[in-house]
Amino acid sequence: MNVNIKLNNKTKGIILIVCSAFFFAVMNLFVRLSGDLPSMQKSFFRNFVALFFSLGVVIKNRTSFASVKGNEKYIFYRAFFGTIGLVSNYYAIDHMILTDASMLNKLSPFFAVVFSALFLKEKVKPWQVLAVAGAFIGSLFIIKPSMQIDIVFPYIIGFIGGMGAGAAYTAVRFLGGRGVPGGIIVFFFSLFSCVVCLPFAIAGYEPMAPIQLILLLLAGLSATGGQFCITYAYTFAPAREISVYDYSQIIFSAILGFFVLSQTPDIYSFLGYLIICGMGVLNFIFTKKHHEKQEQTLKEEKNLK
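Residues numbered from 1 in each chain as written. Predicted model: local features only at pLDDT ≥ 70, side-chain atom pairs only at ≥ 80, totals over all residues. Heavy atoms only, no water.

K.L.:
Would you explain the overall build of the protein in this entry?
P.N.:
Within the protein, the regular secondary structure consists of 12 helices and 0 strands. Seen in sequence order, the protein has helices and strands lined up from the N terminus as α-α-α-α-α-α-α-α-α-α-α-α. For a compact globule of 305 residues, the expected C-alpha radius of gyration is about 19 Å, and the protein comes in at 20 Å, within 12% of that figure. By principal-axis analysis of the C-alpha atoms, the protein measures approximately 70 × 55 × 50 Å. Taking all 305 residues of the protein together, the buried fraction comes to 45%. Relative to all contacts within the protein whose residues are 6 or more apart in sequence, the contacts with residues 24 or more apart total 90%. Just so you have it, the protein exposes about 16100 Å², and 69% of that area is on carbon and sulfur atoms. Mean positive and mean negative side-chain charge positions of the protein (25 and 14 charges, respectively) differ by 11 Å. (Helix = DSSP H or I, 4+ residues; strand = E, 2+ residues; numbered from the N terminus. Rg over C-alpha atoms; globule rule 2.2 N^0.38 Å. Buried < 20%, exposed > 50% of the residue type's maximum accessible area, 1.4 Å probe, protein only. Contact = heavy atoms within 4.5 Å. Areas by Shrake-Rupley, 256 points an atom, 1.4 Å probe, with all protein chains shown as cover. Lys, Arg positive; Asp, Glu negative; His and termini not counted. Charge placed at Lys NZ, Arg CZ, Asp CG, Glu CD.)

K.L.:
Can you walk me through the pattern of salt bridges in this structure?
P.N.:
When their charged atoms lie close together, side chains carrying opposite charge are able to pair. On inspection of all chains with the given rule, the structure shows 4 salt bridges. Residue K106 pairs with D246 through a salt bridge whose shortest N-O separation is 2.8 Å. Of the two residues, K106 sits in the loop between α4 (98-105) and α5 (108-119) while D246 sits in the loop between α10 (239-242) and α11 (248-261), which places them 140 residues apart along the sequence. Accessibility assignment for this pair places K106 and D246 in one class, buried. For K288, the salt bridge identified is with E292, shortest N-O distance 2.8 Å. (Salt bridge = Lys/Arg side-chain N within 4 Å of Asp/Glu carboxyl O.)

K.L.:
Just checking my understanding: could you explain a nonpolar patch on the surface for this structure?
P.N.:
Taken together, the side chains of L33, I251, I255, F258, F259 and V260 make up a nonpolar region of the molecular surface, amounting to roughly 600 Å² of accessible area. Its location among the elements puts I255 in helix α11. (Patch = residues over 30% accessible without salt bridge, like charges linked within 9 Å, V, L, I, M, F, W, Y side chains within 5 Å.)

K.L.:
Which parts of the structure should I look at to understand unusual backbone geometry?
P.N.:
Backbone phi values are negative for most residues with the exception of glycine, while trans is the configuration of most peptide bonds. If you check the backbone angles, K144 has positive phi at about 50 degrees while not being a glycine. Here K144 shows up in the loop between α6 (126-143) and α7 (149-177). The backbone of S262 sits at a positive phi, close to 55 degrees, despite the residue not being glycine. Considering the arrangement of structural elements, one finds S262 in the loop between α11 and α12 (267-304).

K.L.:
I keep staring at empty space enclosed by the protein and nothing clicks. Help me out?
P.N.:
The probe, sized like a water molecule, is rolled over the atoms to show the empty space still left. Under the defined criterion, the tally for this structure stands at 1 cavity of 30 Å³ or more. Size it by volume and the largest cavity reaches roughly 70 Å³. Elements supplying a minimum of two residues to the lining of the largest cavity: α2 (39-60), α8 (182-203) and α9 (210-236). For the lining of the largest cavity, the residue count by class is 6 nonpolar, 4 polar and 1 charged. (1 Å grid on protein atoms, 1.4 Å probe; cavity = no way out; pocket = protein on both sides within 12 Å on 5 of 7 lines; lining within 4 Å. Points joined across faces, edges and corners; volume = space filled by probe spheres on them. Nonpolar A, V, L, I, M, F, W, Y, C, P; charged D, E, K, R; others polar.)

K.L.:
Explain the nonpolar core here, please?
P.N.:
Side chains that are nonpolar tend, in soluble globular proteins, to be buried together. Ranked by size, the top nonpolar core spans 40 residues in total, and within it M27, M103, L104, L107, F110 and I142 carry the most contacts. A per-element tally of this core places helix α1 (residues 9-33) first, with 7 residues. Ignoring any residue separated from it by four or fewer positions in sequence, one finds M103 in contact with I142, Y247, I250, Y273, I276 and C277. Residues F44, L51, C194 and C197 belong to the second largest nonpolar core, which totals 11 residues. (Core = buried A, V, L, I, M, F, W, Y, C linked by side-chain atoms within 4.5 Å.)

Given below as C-alpha cells:
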C-alpha cells in the first residue's frame with residue numbers, strides 16, 4: 001500500500017526546527033563526553049567541521065560574495081558575538097549539568113529583543129518587556145546566586161553565552177533583511193571562530209585520545225546539522241509561527257543528561273525552566289496575535305481602496 005503524505009510548509013518548518021533542537025542537544029552531549037579539554041580547543045574543532053560544510057554549500061549553490069559589500073561590520077558582529085556565545089556555552093556545558101547549560105543558552109531570543117531595541121531601534125511591545133523580565137528572573141533560579149564564586153562562575157559564563165548568541169542572532173536577522181545568504185553568514189562565522197580559537201587552542205593544547213577527536217568531530221557534524229535545519233525551517237515558515245518549538249531542545253537535553261550522564265536538575269532549576277519556557281510561549285502567542293492583527297488591518301485597508 002503506497003501512502004503519500006503531503007506536509008504543508010508550517011509542518012515542515014516545525015519538523016525541521018525540532019530536528020535542529022535535537023541536533024544541538026546531541027552536540028552538547030558530545031562536547032561533554034569529549035572530556036576535560038579546553039573550551040577553545042573544543043570550539044575550534046566544532047567550527048572547523050562547520051567551516052568546510054558551509055564552504056561546500058556556498059560552492060554548490062554558487063553563492064556570490066557580492067552581498068558582503070557594505071555589510072562587513074554586521075558580519076563581524078555576528079561572528080564576534082557568535083564566537084563569544086559558542087565558547088561560553090561550551091565552557092558552561094563542561095561545568096554544569098546539560099539541561100542548565102542548554103536553558104541559559106535559550107535566553108538568546110530574549111537578549112535578541114533587547115539588542116534589537118538598542119541597535120536596530122525596533123519598538124519593544126509591552127508583552128516583550130514582561131517576557132524579557134520574566135526570563136531573566138527565571139535565569140536566577142538556575143544560576144542560584146551566592147558568594148561561592150567557584151560554584152556560580154560557570155552559570156555566569158552560561159548567561160553570557162546566551163547574551164552573545166542573542167546579539168549574534170540580532171545581526172543575522174539584520175543581514176537576512178539585507179539579502180545576505182545564510183550560507184555566507186555561517187561561512188564567515190565559522191572562519192572567524194576558527195581563526196580566533198586556533199591560537200588559544202595551540203597555546204593550551206591538550207593531547208586527545210582518538211575517541212575524543214571523534215566526539216568533537218561528531219559535535220561539529222551535529223552543530224552543522226542543527227544550523228542548516230534551523231535555517232531551512234525559517235524558509236518554510238516565519239519565526240512567529242514555529243520558534244516556540246525550539247524549546248524542545250530542553251526536553252532532549254534533559255533526557256540525554258539523565259540517561260547518558262545520570263544528571264538530574266534540582267527543584268530550583270526546574271522552576272527556572274518553567275518560567276523561561278513560559279515566557280517564551282507568552283512572547284510567541286502575543287507576537288503571533290500581533291502579526292495576525294496587522295495582516296487583518298492591512299487586508300481591510302486594501303479592500304477599502
